[in-house]
Amino acid sequence: MDLLDLFLQQLINGLSLGSLYALIAVGYTVVYGIVQLINFAHGEIFMIGAFGAYATWMLMGQPTDWNAPMSILVLLPVLIIGGVAASVTVALLTERYAYRPLRNAPRLAPLISAIGVSVFLQEAVRLFYGEIPGFPTAKSAIPFPSIPGISGSAFQFGGVTVQMTAVFTVGALAVCTVFLWFFVNRTKTGRAMIATSQDPDTARLMGINVDKVIMAAFAVGAALAAIAGVAHGLRYSNIDFRMGFLAGLKAFTAAVLGGIGNINGAVVGGLVLGVVEAMATTFIPGQFGSAAWKDVWAFVLLILVLVFRPQGLLGAKVVDRA
Amino acid sequence: MLEVKDLVVAYGRVNAVKGITFEVGKGQVVTLLGTNGAGKSTTLRSISGLLKPVSGEIWFEGERLDGLPAHKIVERGIAQSPEGRRLFRQMSVEDNLKLGAFSRKDTSGVKADMDRVYDLFPVLGERRTEAAGLFSGGEQQMLAIGRAMMCRPKLLMLDEPSMGLSPIMTQTIMRTIKELQADGVTILLVEQNAQAALSLADKGYVLEVGHIVFSDSGRNLLGDDRVRRTYLGAD
């Protein structure tokens, strides 16, 4: 494999991994933009999305006989809807009972509450998932249903192999970004979100129900995280109650990298982070380029950005008030 | 129309408003006068539901308002143009006005009211696509008032609309308030510029450190020695 092919191969791997980070990162950034809370339980919302999709598959009777076009056109969307429903429900409950009562408390309180929710959700899935009749225990990894036509499929493009899971992940990010743009810029709720993030008190004077806007922010973030959860399941073929921890941390890194509070920044930050990881494991020589070091490079990137460009690549939300 | 009874509002443990009672009659222009820290903005913020009173009652058209969330109070027909204008500076004039009409569903009525704001303040109409932050102080104040008018309020509360404006601009704003009153809008005006506010107010209340110290008609307050000494710089 020549150097150009190797570079292109890693670029595609990086963009695919980065899309996964970006889908999760949007949730951190949207919520932060509106309530200035780093929702450390968001990684678990991503995990819940994967387990919700799995539960949907179980409830459908573990179908394995779906073939290529229908599996992608029907089975996969159904799993995604199930995952999204689970994530959004859990995220809204979290907002209502763990964060809303602390909205006027010192900033540290909701942060600690978020860490508590994160541990709670991980443990709840670990201990109780297997208690649902017919469900496998989630104390170790569970194999994720395969979608014929995506799972394990790939095509050659020149000297480069493109996994269908990569196409799905990048495609999902592209579609979600378009929808998100439309939602934020063209719907009334979206406009209310922008207004609330710029000046919550004045937004309330306009007649905006800020509670609803905050719920919308949590719901949108959770929906994208659930889609990422399904993408993760397809990509790695299994899911695990701990999967939200590292993925959440990486996605948080991506959000900070792009400028926390900035939606475009989260997308760019996710993609940059994914590509940097993929490139580092290929082009850094010796043991420092081994797969074991990829997380190190990801967080080195975070530290460099925080030191030299603390507002992030695209700039954080600028508080600008007369 | 609006009745405030024994209102007490606190920031933490410090009472900013210490039991004030006043009322605003339908169609009137009523002004609250007082120096910095007298509790004027705190009073308006409580009426709008941004602050929860410690005690006391706020009644509007026979309905009790205190305890309602801010967006419900806007739906009842009370708008506020806050101190410092608080425009959405990166958004265009038009988007600011649209947000002002957030609680409304009648698209055609919103369009008509937007045209009315542009008639009242032609400079806003000419530059409707420009970001609000690019306008001068006076123009921004026009936009802030226009934005508050967009929800078709029965009661419009204006917090320091003349702050930072030239005397000519202040006159324009005061003339606008007069026109709004003629259109049937009731106005509660908070001002430090006592001369301007009292010359158009039907009634004025003077606040000092959280208490109403006296009240009278605008004309009488203009001639009142205490007011002249403290707020009009006469000796």
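Trainee: What's the story with the overall build of chain A in this structure? I'm lost.
Mentor: For chain A, the helix and strand inventory stands at eleven helices and four strands. Radius of gyration (C-alpha) of chain A: 20 Å, near the 20 Å computed for a compact globule of 322 residues. Projecting the C-alpha coordinates of chain A onto the three principal axes gives extents of approximately 60 × 50 × 35 Å. In chain A, which comprises 322 residues, the proportion classed as buried is 51%. When the accessible surface of chain A is split by element, carbon and sulfur atoms take 69% of a total near 14,100 Å². Of note, chain A has its 18 positive side-chain charges centred 9 Å away from the centre of its 14 negative side-chain charges.

Trainee: Would you take a moment to explain the sheet that holds strand 1 (residues 2-11) of chain B for this structure?
Mentor: Sheet strands pair by backbone hydrogen bonding; their relative direction is either parallel or antiparallel. Residues and elements named next belong to chain B. Strand order in the open sheet formed by four strands is 2-1-4-5, with antiparallel pairing between adjacent strands. What marks the edges here is a single partner per strand, and that holds for strand 2 (14-24) and strand 5 (63-64). Of the pairings in the sheet, the one linking strand 1 to strand 4 (residues 55-60) comprises five bridges and is antiparallel in character. Across the sheet, residue Val-4 finds its bridge partner in strand 4, namely Ile-58. Across the sheet, helix 1 (residues 40-47) touches strand 1, strand 2 and strand 4, and the angle it forms with strand 1 is around 110°.

Trainee: Sorry, what's going on with the pairing of strand 9 (residues 203-208) of chain B here?
Mentor: Put simply, side chains in a regular strand alternate between the two faces of the sheet. Residue and element names in this part refer to chain B. Looking at chain direction, strand 3 (residues 29-33) and strand 9 are connected through four bridges and run parallel. By the bridge assignment, Leu-33 is partnered in strand 9 with Val-206. The hairpin formed by strand 9 and strand 10 (residues 211-217) contains two residues between the paired strands, and Val-209 there has a positive phi angle of roughly 30°.

Trainee: Teacher, can you tell me more about the nonpolar core here?
Mentor: Nonpolar side chains in soluble globular proteins tend to be buried together. One finds Tyr-129 and Ile-208 of chain A to be the most contacted residues of the largest nonpolar core, which totals 102 residues. Broken down by element, this core gets its largest block of residues, 18 residues, from helix 8 (residues 210-236) of chain A. Counting 46 residues, the second largest nonpolar core, distinct from the first, contains Leu-189, Ala-196, Leu-200 and Tyr-231 of chain B.

Trainee: I tried to follow the interface of chain A and chain B on my own but got confused; where do I start?
Mentor: Facing the 20 residues of chain A at the interface are 22 residues of chain B. Arg-86 of chain B is paired through a salt bridge with Asp-199 of chain A; the nearest N and O atoms lie 2.7 Å apart. Remark: the boundary between chain A and chain B carries eight residue pairs in polar contact (both at pLDDT 80 or more). Counting residues per element, the ones that place at least two in the side of chain A that touches chain B are helix 6 (188-198) and helix 7 (200-205) of chain A. The element that contributes the greatest number of residues to the side of chain A that touches chain B is helix 6 of chain A, accounting for six residues.

Trainee: Mind showing me how you'd approach a nonpolar patch on the surface here?
Mentor: Residue and element names in this part refer to chain A. Nonpolar side chains collect at one region of the surface, where Val-296, Val-300, Ile-303, Leu-304, Val-307 and Phe-308 lie side by side and expose about 560 Å² of accessible area between them. Note on placement: Val-307 falls in helix 11 (residues 294-308). In this structure Val-307 comes out as exposed when scored by relative accessible area, which is 55%.

Trainee: Honestly, the packing of aromatic side chains in this entry has me stumped. Any pointers?
Mentor: Each aromatic ring pair is described using two quantities: the centre-to-centre distance and the angle formed by the ring planes. Residues and elements named next belong to chain A. All told, the structure shown has ten aromatic pairs over all chains when counted by the stated rule. Ring geometry for Phe-51 and Tyr-129: centres 4.8 Å apart, planes at 85°, overall edge-to-face. Placement of the pair is Phe-51 in helix 2 (residues 42-59) and Tyr-129 in the loop between helix 4 (108-128) and strand 1 (142-143), with a sequence separation of 78 residues. Taken individually, Phe-51 and Tyr-129 each receive the classification buried, so the pair is uniform in this respect. Aromatic side chains Trp-293 and Trp-297 sit 6.2 Å apart centroid to centroid with 35° between the ring planes, which places their arrangement in the tilted category.

Rules behind the numbers
- Residues numbered from 1 in each chain as written.
- Chains lettered and ligands numbered in written order.
- Predicted model: local features only at pLDDT ≥ 70, side-chain atom pairs only at ≥ 80, totals over all residues.
- Heavy atoms only, no water.
- Helix = DSSP H or I, 4+ residues; strand = E, 2+ residues; numbered from the N terminus.
- Rg over C-alpha atoms; globule rule 2.2 N^0.38 Å.
- Buried < 20%, exposed > 50% of the residue type's maximum accessible area, 1.4 Å probe, protein only.
- Areas by Shrake-Rupley, 256 points an atom, 1.4 Å probe, with all protein chains shown as cover.
- Lys, Arg positive; Asp, Glu negative; His and termini not counted.
- Charge placed at Lys NZ, Arg CZ, Asp CG, Glu CD.
- Pairing = 2+ DSSP bridges.
- Contact = heavy atoms within 4.5 Å.
- Axes fitted to C-alpha atoms, helices over the stretch in contact; angles between N-to-C directions.
- Core = buried A, V, L, I, M, F, W, Y, C linked by side-chain atoms within 4.5 Å.
- Salt bridge = Lys/Arg side-chain N within 4 Å of Asp/Glu carboxyl O.
- Polar contact = N/O pair within 3.5 Å; in protein donor to acceptor, adjacent residues only side chain to side chain.
- Patch = residues over 30% accessible without salt bridge, like charges linked within 9 Å, V, L, I, M, F, W, Y side chains within 5 Å.
- Phe/Tyr/Trp six-rings, centres within 6.5 Å; stacked < 30°, edge-to-face > 60°.

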